[in-house]
Amino acid sequence: NSFLRSFETNRQAEHNTMNAKKLRFDLLSLAFLLAHAAMMVVVAEEDGEDVTMAEKRRAAMSKKWYMQKLTIGDKRLPMSPVSIVVGFLSLYFLYSNWPGAKKSKVYCEASHILIMDHSKDTKEKLLEFQTKIQSDPELFAKLAKKHSACPSKGNGGNLGKFRPGDMAPPFDKLCFDAATPMKTTVGPVQTNFGWHLIYIHARQLSES
């Protein structure tokens, strides 16, 4: 069914976007880790040299304070200002690019009955269904199984949770309109797929 294919296409696009963000994060993290590893190799080589060479190396880097290990009292810590910055940057990219970290909390969970026809007779038929169903989700599911053209009919018309932009614009607009009541039959609404009746089970319209 083209409606379900459109729905699944949007879902796949969201999944691909999340994968792309994860790939960018992985590449950035790898670059930071390689840079940090190279720094640690330099420090390790310095520690392994004889005293004279180590002193020369430290003298050459005396102005590069950001590359030197931090010292607390008489103890040298296994980190430098640069390694600390690298660590904070890695955490920042982890937070900002982690898949789903910025995922919207706005959602709608609804069922629908789709009749793939654009005639006034179909609209009138769905208005009759609406009058009959009113706020009865079990009857809605029963009529969806019998009359809906969407494969979701096998689940009583239930589309599960979806987010703004997942559905056809008129369908989407009705579901995410604060004036649209929940737990009752609404519509009919016309999309390029045909006429729909909708039953909104749950919804969140804010990020809080």
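Look above for the structure.
Some details on a positive patch on the surface
Reasoning step 1: A surface patch of positive charge is lined by Lys 125, Lys 132, Lys 142 and Lys 146.
Reasoning step 2: As for its placement among the helices and strands, Lys 142 is situated in helix α5 (residues 137-147).

Examining helix α4 (residues 120-133)
Reasoning step 1: Its 14 residues give α4 an end-to-end C-alpha distance of 20 Å, which sits within 8% of 20 Å, the value for a rise of 1.5 Å per residue.
Reasoning step 2: Thr 122, Leu 126, Phe 129, Gln 130 and Ile 133 are the residues of α4 that are buried. In a view along the axis of α4, the buried residues occupy a sector of 100 degrees, so they form one face of it. Among the exposed residues of α4, those oriented more than 90 degrees off its buried face are Lys 120, Asp 121, Glu 128, Thr 131 and Lys 132.

Describing the environment of Asn 155
Reasoning step 1: For Asn 155, the position within the fold is in the loop between α5 and β4 (158-162).
Reasoning step 2: The exposed category is assigned to Asn 155, whose relative accessible area is 53%.
Reasoning step 3: Along the sequence, Asn 155 and Ala 144 sit eleven residues apart, while their C-alpha atoms lie 8.6 Å from each other.

With respect to the nonpolar core
Reasoning step 1: Counting residues in hydrophobic clusters, the biggest one holds 13 residues, and the most contacted among them are Cys 108, Ala 110, Phe 162, Phe 171, Cys 175, Phe 176 and Ile 198.
Reasoning step 2: Listed by contribution, the elements that provide at least two residues to this core are β3 (107-115), β4, α6 (169-175), β5 (185-191) and β6 (194-204).
Reasoning step 3: Setting aside its immediate chain neighbours within four residues, Ala 110 contacts Gly 157, Asn 158, Leu 159, Gly 160, Phe 162, Ile 198, Tyr 199, Ile 200 and His 201.
Reasoning step 4: Counting twelve residues, the second largest nonpolar core, distinct from the first, contains Ile 113, Leu 126, Ala 144 and Leu 197.

Considerations on the sheet that holds β5
Reasoning step 1: The strand order across the open sheet formed by four strands is β4-β3-β6-β5, and the pairing between neighbours is antiparallel. Each having just a single partner strand, β4 and β5 make up the two edges of the open sheet. Across the sheet, the axes of successive neighbouring strands diverge by a mean angle of 35 degrees, strand direction being ignored.
Reasoning step 2: Inspection of the sheet shows β3 paired to β6 by nine bridges, in the antiparallel sense. Residue pairing across strands places Ile 115 opposite Trp 195, the latter belonging to β6.
Reasoning step 3: Against the sheet, α4 touches β3, β5 and β6, its axis set at about 165 degrees to β5.

Quick notes on the pairing of β3
Reasoning step 1: Among the nine residues of β3, eight are classified as buried, and the element is accordingly described as predominantly covered.
Reasoning step 2: Relative to β4, β3 runs antiparallel, the two being bridged by three bridges. Bridge pairing links Glu 109 to Lys 161 in β4.

A few points about α5
Reasoning step 1: All buried positions along α5 are accounted for by Leu 139, Phe 140, Leu 143 and Ala 144. With its buried residues spanning 140 degrees around the axis, α5 presents them on a single face. α5 presents Glu 138, Lys 142 and Lys 146 as exposed residues on the side facing more than 90 degrees away from its buried surface.
Reasoning step 2: A side-chain oxygen of the first residue of α5 lies 3.1 Å from the backbone nitrogen of Glu 138; this N-cap is Asp 136.

Rules behind the numbers
- Residues numbered from 1 in each chain as written.
- Predicted model: local features only at pLDDT ≥ 70, side-chain atom pairs only at ≥ 80, totals over all residues.
- Heavy atoms only, no water.
- Patch = residues over 30% accessible without salt bridge, like charges linked within 9 Å, V, L, I, M, F, W, Y side chains within 5 Å.
- Areas by Shrake-Rupley, 256 points an atom, 1.4 Å probe, with all protein chains shown as cover.
- Salt bridge = Lys/Arg side-chain N within 4 Å of Asp/Glu carboxyl O.
- Lys, Arg positive; Asp, Glu negative; His and termini not counted.
- Charge placed at Lys NZ, Arg CZ, Asp CG, Glu CD.
- Helix = DSSP H or I, 4+ residues; strand = E, 2+ residues; numbered from the N terminus.
- Expected span 1.5 Å × (residues − 1).
- Buried < 20%, exposed > 50% of the residue type's maximum accessible area, 1.4 Å probe, protein only.
- Arc of directions from axis to C-beta.
- Core = buried A, V, L, I, M, F, W, Y, C linked by side-chain atoms within 4.5 Å.
- Contact = heavy atoms within 4.5 Å.
- Pairing = 2+ DSSP bridges.
- Axes fitted to C-alpha atoms, helices over the stretch in contact; angles between N-to-C directions.
- Polar contact = N/O pair within 3.5 Å; in protein donor to acceptor, adjacent residues only side chain to side chain.

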